Amino acid sequence: MSELHALFGGTFDPVHFGHLRPVEALAQQIGLARVLLLPNNVPPHRPQPEASPAQRVEMLRCAIADRLLFAVDIRELMRETPSWTVATLETLRAERGPQPPLGFIIGQDSLLSLASWHRWKDLLSLCHLLVCKRPGYAAEMGSPEMQRWLEDHLTADAQQLHQQPAGLIWLADTPLVNISATEIRQRRHQGLPCDSLLPPAVIDYIDRAGLYLK
Ligand code: ATP
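Residues numbered from 1 in each chain as written. Predicted model: local features only at pLDDT ≥ 70, side-chain atom pairs only at ≥ 80, totals over all residues. Heavy atoms only, no water.

(A) Region of interest: the site of the ligand. Around the ligand lies a shell of 20 residues, among which His-16, Asp-109, Val-177, Ala-181 and Thr-182 are the nearest. Side-chain polar atom of His-16 to an oxygen atom of the ligand: 2.8 Å apart, as the coordinates give it. Ile-179 places a polar main-chain atom, nitrogen or oxygen, 2.9 Å from a nitrogen atom of the ligand. Compared with its free state, where it exposes 610 Å², the ligand has 85% of that area covered by protein. Judged by the fraction of its atoms near the pocket grid, the ligand is located in the largest pocket. Breaking the shell around the ligand down by element, the ones donating at least two residues are strand 1 (5–10), helix 1 (17–30), strand 4 (102–107), helix 4 (108–112) and helix 8 (181–189). (Near = heavy atom within 4 Å. Polar contact = N/O pair within 3.5 Å; in protein donor to acceptor, adjacent residues only side chain to side chain. Areas by Shrake-Rupley, 256 points an atom, 1.4 Å probe, with all protein chains shown as cover. 1 Å grid on protein atoms, 1.4 Å probe; cavity = no way out; pocket = protein on both sides within 12 Å on 5 of 7 lines; lining within 4 Å. Sits in = over half its atoms within 2 Å of the grid points. Helix = DSSP H or I, 4+ residues; strand = E, 2+ residues; numbered from the N terminus.)

See below:
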């Protein structure tokens, strides 16, 4: 049986403990062998991250230097087009083939807005969705149709995530970590400390690069 790998996409402006801790707990619970962090390409008509793509990648590298579970995958930054998760998963499937089980990790906030994602209905033909808790977001989907879709795909058996290549949703019992990148940027702009919010190596990099200044 192939190892279970997962992708975790985000803007990571900057990466923080709200990303890392729930995913580490999820990996323990279901036996994830590897998590690929996918910094996304923000299209020009959208509000731009404060950090450049290269700086967002560097912050991820600092964060994972002593975390063997993770690797950084920059394929979405190499594309000219927006980062459509479904397209990224298709390229990964083309590389790895249809059989190896693959997860895509999202927070509860992203699950609630999933119906706005490009070709969202195709996602489960390519991967499992692994959902981490996030404080402040509803447990139920926004409509009865979406709630039914969720329940139709839920599994409570982690073994199934290893046995099937795709198609299941796992609602993980992960720690609630009340941190957002927005809060970190705002605190930095106000000159407030962020010590407990992100890894020290990332804070050092932010200081050296002069990011998120007052
Ligand atoms: P911003 O505040 O700039 O919108 P963010 O902190 O929400 O950023 P993103 O990089 O946009 O971080 O998030 C990427 C993924 O991580 C999303 O799937 C999101 O749901 C998840 N995520 C972010 N913060 C948390 C958190 N504190 N707990 C659980 N999941 C989170």
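(B) Here's a closer look at the pairing of strand 2 (residues 34–39). In terms of burial, strand 2 is a largely internal element, 5 of the 6 residues being buried. The pairing of strand 1 with strand 2 spans 6 bridges and is classified as parallel. Within strand 2, the position partnered with His-5 by the bridge is Arg-34. In the classification by handedness, the crossover that spans strand 1, the intervening helix 1 and the parallel strand 2 is right-handed. By the bridge criterion, 3 bridges tie strand 2 to strand 3 (residues 70–72) in an arrangement that is parallel. Note on strand 3: the bridge partner recorded for Leu-36 is Ala-71. Once you follow strand 2 into helix 2 (residues 53–64) and on to strand 3, the crossover reads as right-handed. (Buried < 20%, exposed > 50% of the residue type's maximum accessible area, 1.4 Å probe, protein only. Pairing = 2+ DSSP bridges. Right-handed = clockwise from strand over helix to strand, strands pointing away.)

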